[in-house]
Amino acid sequence: MAEKKTTRKTAAEPKKTTTRKTVAAKKVVATPLTSENAGYRAGDVYNALHDGAQAMTAEEIAKAAGITVEEVLLGIGWLLKEGKLASVEDNKITLA
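Residues numbered from 1 in each chain as written. Predicted model: local features only at pLDDT ≥ 70, side-chain atom pairs only at ≥ 80, totals over all residues. Heavy atoms only, no water.

**Q** Give me the packing of helix α2 (residues 58-65) against helix α3 (residues 69-82): which residues, what numbers.
**A** Relative orientation of the contacting elements α2 and α3 amounts to 105°, with a least axis distance of 9 Å. The orientation of α2 with respect to α3, classified from their angle, is roughly perpendicular. Contact with α2, carried on its side by A58, E59, I61 and A62, involves V69, V72 and L73 of α3 and no other residues of that element. Tallied by class, residues from the contact of α2 with α3 come to six nonpolar, no polar and one charged. (Axes fitted to C-alpha atoms, helices over the stretch in contact; angles between N-to-C directions. Helix = DSSP H or I, 4+ residues; strand = E, 2+ residues; numbered from the N terminus. Parallel < 35°, antiparallel > 145°, perpendicular 65-115°, else oblique. Contact = heavy atoms within 4.5 Å. Nonpolar A, V, L, I, M, F, W, Y, C, P; charged D, E, K, R; others polar.)

Pasting the structure below:
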């Protein structure tokens, strides 16, 4: 029968540790397109523009709101119809 080898760490030996930083990727999942969800996406877009207090592109809004670019465009359409957006210049959107 084979003997098990055991090793002991002495106080003089520093303990080796590794620190691993993990960044959890935020997965954005598209929601079904219904009239109720379109209103929620419009609210997300409005809040992102309000919190940002500056003109933003659709990609910037999507990142700030945590929704897809398609959902941002849906929300922009809703807000344009309601007259909540003042301008769309250089692909940047501002509130009215």
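**Q** Tell me about the pattern of salt bridges, and name the residues and values.
**A** Summed over the entire model, instances satisfying the criterion amount to one salt bridge. A salt bridge links D44 to R41; the shortest N-O distance between them is 3.0 Å. Here the residue D44 and the residue R41 both occupy positions in helix α1 (residues 35-52), the gap between them amounting to three residues, near one helical turn. D44 sits in the partly exposed class, given a relative accessible area of 23%. (Salt bridge = Lys/Arg side-chain N within 4 Å of Asp/Glu carboxyl O. Buried < 20%, exposed > 50% of the residue type's maximum accessible area, 1.4 Å probe, protein only.)

**Q** An account of unusual backbone geometry is needed here, citing residue identities and associated values.
**A** The backbone of A53 shows a phi angle near 55°, a positive value even though the residue is not glycine. For A53, the position within the fold is in the loop between α1 and α2.

**Q** Can you break down the packing of α1 against α3 residue by residue, with the values?
**A** The interhelical angle for the contact between α1 and α3, taken along N-to-C directions, is 90°, at an axis separation of 8 Å. For the element pair α1 / α3, the angle class is roughly perpendicular. Across from S35, A38, G39, R41, A42, V45 and Y46 in α1, the residues of α3 making contact are E71, V72, L74, G75, I76, W78 and L79. Here the residues of the contact of α1 with α3 are counted per class, giving nine nonpolar, three polar and two charged.

**Q** Tell me about α2, and please be specific about residues and values.
**A** The complete set of buried residues in α2 reads A58, I61 and A62. Down the axis of α2, the buried side of the element spans an arc of 100°, and every buried residue falls inside it. Among the exposed residues of α2, those oriented more than 90 degrees off its buried face are E59, K63 and A64. On its buried face, α2 is in contact with α1, α3 and β2 (92-95). (Arc of directions from axis to C-beta.)

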